[in-house]
Amino acid sequence: TGMGDDGAGAIRKVRENGGRTLAEAESSAVIFGMPAAAIRTGCIEMVAPLAEIPSAIQRLCWGP
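Note that the structure is a prediction, hence the values are computed from the model and not measured. (Residues numbered from 1 in each chain as written. Predicted model: local features only at pLDDT ≥ 70, side-chain atom pairs only at ≥ 80, totals over all residues. Heavy atoms only, no water.)

**Some thoughts on the pattern of salt bridges**
Throughout the structure, instances matching the rule amount to two salt bridges. Where Glu 45 meets Arg 15, a salt bridge forms, and the shortest distance between an N and an O atom there is 3.1 Å. Here Glu 45 is found in the loop between helix H2 (33-40) and strand S2 (46-48), whereas its partner Arg 15 is found in helix H1 (residues 8-16), with 30 residues between them in sequence. Classification of Glu 45 as partly exposed rests on a relative accessible area of 34%. Given a relative accessible area of 32%, Arg 15 falls into the partly exposed group. Between Arg 20 and Glu 45 there is a salt bridge, with the nearest N and O atoms lying 2.7 Å from each other. (Salt bridge = Lys/Arg side-chain N within 4 Å of Asp/Glu carboxyl O. Helix = DSSP H or I, 4+ residues; strand = E, 2+ residues; numbered from the N terminus. Buried < 20%, exposed > 50% of the residue type's maximum accessible area, 1.4 Å probe, protein only.)

Written out as structure tokens, the structure is:
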């Protein structure tokens, strides 16, 4: 979560290099600016509410 788009460029590099990507959902973000900017890049694999981030990380790393 965050306020700006400073992570958007970096998220592209993460995906270009085979990294897995996850953003916080608008429903739980206090300020949706940074997750929204990352999602707009098209490089986010999964969007999840804050409470579900730990299990989302597990799914991204190890599958269902």
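**A short note on the confidence of the model for the protein**
The predicted model of the protein has a mean per-residue pLDDT of 90, with 94% of residues at 70 or higher. Mean pLDDT across the elements of the protein bottoms out in H1 (91) and peaks in S2 (97). (pLDDT = per-residue confidence, 0-100.)

**Examining the side chain of Glu 24**
The residue Glu 24 is located in strand S1 (residues 22-24) in this model. Here Glu 24 sits buried without a salt bridge, and the closest side chain of opposite charge, Arg 59, lies 14 Å off (N-O distance). Engagement of the side chain of Glu 24 in a polar contact is seen with the side chain of Ser 28, the distance being 2.8 Å. At 3.3 Å, the side chain of Glu 24 and the backbone nitrogen of Ala 29 are in polar contact. (Lys, Arg positive; Asp, Glu negative; His and termini not counted. Polar contact = N/O pair within 3.5 Å; in protein donor to acceptor, adjacent residues only side chain to side chain.)

**Details of the side chain of Thr 21**
Locating Thr 21 in the fold gives a position in the loop between H1 and S1. A distance of 3.0 Å separates a polar side-chain atom of Thr 21 from the backbone nitrogen of Glu 45. Every residue in contact with Thr 21, bar those within four places of it in the chain, is listed here: Ile 11, Val 14, Arg 15, Cys 43, Ile 44, Glu 45, Met 46 and Leu 60. (Contact = heavy atoms within 4.5 Å.)

**Here we look at the environment of Pro 35**
Tracing the backbone shows Pro 35 in helix H2. Between the C-alpha atom of Pro 35 and that of Leu 50, which follows or precedes it by 15 residues, the distance is 11 Å.

**As for the state of the cysteines**
Applying the stated rule across the entire model yields zero disulfides. Take Cys 43: it sits in no disulfide, and the sulfur closest to it among the cysteines is that of Cys 61, at 18 Å. (Disulfide = S-S within 2.5 Å.)

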